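# Tertiary structure, described
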Amino acid sequence: AIPTVTTPLSSRINSIECLRGISALLVVCYHYREFLNDITPKLGHMLFENGRIGVDIFFVLSGFTIYLSTQAPSEQGVLRFLLRRFFRIVPLAWLLMAVVWLITPGISAWATLKSVLFIPLSPESAPFFGYNILPVAWTLTYELCFYALFALALGAAPRQRGLVVTALVLG
């Protein structure tokens, strides 16, 4: 028989958080690859052209982390879940959108309203859909949609929650 190794949940989440950090660094390196190209031609592209995969890795790991973190009985309330996620993301995004709005002339009221509500500015060019007045906020739109679907899945038994949210995402 193969011995099983059990690790505490906090240890598993810390390992996942490390992987999320690495995936975020991949995305940062992808965005700054041009600076390396200025030093040595094509070096940035050679090293980090595929760094954008970090976005997908980050999303998958974040979904898994959300699933694990809501297994505890104290973390199963829908309102608590939504409020915690809202205050973790939205106020800072709104603050940064306000800064962009203040320093960028010509942003329309319609684009600002849609951005503040995390509604894509365009129905074209997936997955970015016209970005937002804060360009990096396109990922937050997906994240907030996932949180809404996960809040629906909180009604399922903890062990079935992953299957329910998967069905909602795929449906």
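Presented here is an overview of the structure given in this document. (Residues numbered from 1 in each chain as written. Predicted model: local features only at pLDDT ≥ 70, side-chain atom pairs only at ≥ 80, totals over all residues. Heavy atoms only, no water.)

Attention now goes to the packing of aromatic side chains. The tally for this structure, following the rule as stated, stands at ten aromatic pairs. Pairing phenylalanine 59 with tyrosine 142 gives two aromatic rings, centres 6.5 Å apart and planes at 45 degrees, and the pair type is tilted. Of this pair, phenylalanine 59 sits in helix H4 (residues 53-69) while tyrosine 142 is found in helix H7 (residues 138-153), placing the two residues 83 residues apart along the sequence. When the centroid spacing of 5.5 Å and the interplanar angle of 35 degrees are considered together, the rings of phenylalanine 81 and phenylalanine 150 count as tilted. Of this pair, phenylalanine 81 sits in helix H5 (residues 78-103) while phenylalanine 150 sits in helix H7, and the two are 69 residues apart along the sequence. (Phe/Tyr/Trp six-rings, centres within 6.5 Å; stacked < 30°, edge-to-face > 60°. Helix = DSSP H or I, 4+ residues; strand = E, 2+ residues; numbered from the N terminus.)

Let's shift gears to the state of the cysteines. Under the criterion given, the structure shown has zero disulfides. Just so you know, cysteine 29 is unpaired, no disulfide at all, and the nearest cysteine sulfur is the one on cysteine 18, 17 Å from it. (Disulfide = S-S within 2.5 Å.)

The end-to-end C-alpha distance of H5, which contains 26 residues, comes to 37 Å, matching closely the 38 Å that a straight helix rising 1.5 Å per residue would cover. Along H5, the sharpest kink reaches roughly 35 degrees, centred on phenylalanine 87 and followed within four residues by the proline proline 91. Within H5 the residues assigned to the buried category are Phe81, Arg85, Ile89, Val90, Ala93, Met97 and Val100. Where H5 is buried, its residues touch H4, helix H6 (109-116) and H7. (Expected span 1.5 Å × (residues − 1). Bend = angle between axes of the 7 residues up to and from the residue. Buried < 20%, exposed > 50% of the residue type's maximum accessible area, 1.4 Å probe, protein only. Contact = heavy atoms within 4.5 Å.)

Residues Phe81, Met97, Phe118, Leu140 and Phe150 are the most contacted members of the largest nonpolar core, which totals 19 residues. Breaking this core down by element, the ones donating at least two residues are H5 and H7. Examining the composition of this core, we find that six residues originate from one element, H5, more than from any other. Not counting the four nearest positions on each side in its chain, leucine 140 is found in contact with Ile89, Ala93 and Phe118. (Core = buried A, V, L, I, M, F, W, Y, C linked by side-chain atoms within 4.5 Å.)

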